[in-house]
Amino acid sequence: MSGKRWSAGFALFGEVVITGALVAVLSVPMVTALPALAAGTAHLRRHLTGESVRVADLLRDFGAACRSLWPAALAVPAAALILLWNLSLAQAGVIPGSGGVLAITGALLTALAVLVLRAADAWHPGLDAAGTVREAAERARGDLPGSVLLAFACGMCVVFVWMLLPLALVCGGLLSLAAVGVSLRAEAAEAGPAPGD
């Protein structure tokens, strides 16, 4: 049993690394970050449910996500750049009340990151950008502990990249796994305890 568990864990680790590398490459234009995360999340969900884990399926999902999520995909980097610019101004102390602006901007960046991960997990082929964002917001509001876990996942990835820049190549896979894990945790909580527990 322990051998099977170790093998399954190693296979998941491998998929996370592959997914992270693919998400990183697909996210290079910045405006494709959300579709890349959506495709990576769908890929890892398929792996966990024993379905297809072909790279071709991930690329197909990426194309479909780009077509349906393009309004949100454009808005996310624009919002992130505005918030990062605001953060840099607050850190430099060139605006009044820079301490408060720093805290508020940091909270908004965290909320944006959580919403992006929720949207990546909520998306499926056929769902448009408005429906995806609406579903993501409902999940974020309805599962606050899960949203806090996603915020911690984002924070840990920032620390990983700060410690060693090449770890940015696996962060997309780690964040996709976190999004799927939080979603499965919420589904299990809604389903209640299994019979015999």
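As shown above, the structure is provided for reference.
It should be emphasised that the depicted structure is a prediction, and the values quoted were computed from it without experimental measurement. (Residues numbered from 1 in each chain as written. Predicted model: local features only at pLDDT ≥ 70, side-chain atom pairs only at ≥ 80, totals over all residues. Heavy atoms only, no water.)

Enquirer: For this particular structure, what's the right way to read the nonpolar core?
Expert: Soluble globular proteins tend to bury their nonpolar side chains together. Within the largest apolar cluster, 32 residues are counted, with the highest numbers of intra-cluster contacts made by L34, L37, L69, L117 and L175. Elements represented by at least two residues in this core include exactly α1 (2–26), α2 (33–48), α3 (55–92), α4 (98–122), α5 (129–142), α6 (144–163) and α7 (168–191). Per-element accounting of this core gives the leading share, seven residues, to α3. Setting aside residues no more than four positions away along its own chain, L69 makes contact with L34, A38, W123, D128, A129 and T132. (Core = buried A, V, L, I, M, F, W, Y, C linked by side-chain atoms within 4.5 Å. Buried < 20%, exposed > 50% of the residue type's maximum accessible area, 1.4 Å probe, protein only. Helix = DSSP H or I, 4+ residues; strand = E, 2+ residues; numbered from the N terminus. Contact = heavy atoms within 4.5 Å.)

Enquirer: Just checking my understanding: could you explain the state of the cysteines for this structure?
Expert: A disulfide bridge is the covalent bond that connects two cysteines by way of their sulfur atoms. With the rule as written, the count across this model stands at zero disulfides. Free cysteine C157: the closest other cysteine sulfur is in C171, separated by 3.8 Å. The exposure class of C157 is buried, given its relative accessible area of 7%. (Disulfide = S-S within 2.5 Å.)

Enquirer: In this structure, what is going on with the packing of aromatic side chains? I would like to understand it.
Expert: The description of two aromatic rings rests on the distance between their centres and on the angle between their planes. What the rule picks out here adds up to one aromatic pair. Between F10 and F13 the ring centres are 6.4 Å apart and the planes differ by 35 degrees, which places this aromatic pair in the tilted class. In this pair, F10 and F13 both sit in helix α1, three residues apart, roughly one turn of the helix. Under the relative-accessibility criterion, F10 is labelled exposed at 52%. F13 gets classed as exposed once you look at its relative accessible area, which sits at 52%. (Phe/Tyr/Trp six-rings, centres within 6.5 Å; stacked < 30°, edge-to-face > 60°.)

Enquirer: Is there a simple way to explain α3 in this structure?
Expert: Structurally, the α-helix is built with 3.6 residues per turn, so residues lying three or four positions apart point the same way. Between the first and last C-alpha of α3 there are merely 44 Å, a value that for 38 residues lags more than 12% behind the 56 Å anticipated at 1.5 Å per step. At L69, α3 is deflected by roughly 80 degrees, the largest bend along its length, and proline P71 occurs up to four residues later in sequence. Once α3 finishes, G93 follows within two positions and takes phi at roughly 70 degrees, a positive value. (Expected span 1.5 Å × (residues − 1). Bend = angle between axes of the 7 residues up to and from the residue.)

Enquirer: In this structure, what is going on with the pattern of salt bridges? I would like to understand it.
Expert: Two side chains bearing opposite charge may form a pair once their charged atoms approach each other closely. As enumerated under the stated definition, the model contains ten salt bridges in all. With a shortest N-O distance of 3.3 Å, D143 and R118 are connected by a salt bridge. Placement of D143 in the loop between α5 and α6 and of R118 in helix α4 is noted, with a sequence separation of 25 residues between them. Judged by relative accessible area, which is 11%, D143 ranks as buried. Close ionic contact of D121 with R139 constitutes a salt bridge, the shortest N to O distance being 2.6 Å. Taken together, the residues D121 in helix α4 and R139 in helix α5 connect sequence positions 18 residues apart. Looking at D121, the relative accessible area reads 9%, which means it is buried. Through salt bridges with shared partners, one network takes in R45, D121, E135, R139 and E187. (Salt bridge = Lys/Arg side-chain N within 4 Å of Asp/Glu carboxyl O.)

Enquirer: Would you mind going over a nonpolar patch on the surface with me for this structure?
Expert: A cluster of nonpolar side chains, contributed by V159, W162, M163, L164 and L167, occupies part of the molecular surface with about 550 Å² of accessible area. Along the chain, M163 turns up in helix α6. (Patch = residues over 30% accessible without salt bridge, like charges linked within 9 Å, V, L, I, M, F, W, Y side chains within 5 Å. Areas by Shrake-Rupley, 256 points an atom, 1.4 Å probe, with all protein chains shown as cover.)

Enquirer: Would you take a moment to explain the side chain of S68 for this structure?
Expert: Considering the arrangement of structural elements, one finds S68 in helix α3. Looking at S68, its side chain comes within polar contact range of the side chain of W123, at 2.9 Å. (Polar contact = N/O pair within 3.5 Å; in protein donor to acceptor, adjacent residues only side chain to side chain.)

Enquirer: Could you clarify how one ought to interpret α2 in this entry?
Expert: With 16 residues, α2 ought to run about 22 Å at 1.5 Å a step, and its terminal C-alpha atoms sit 22 Å apart, in line with that. In terms of burial, α2 is largely enclosed, as 13 of its 16 residues are buried. Downstream of α2 by one or two residues, G50 has phi in the positive range, about 80 degrees.

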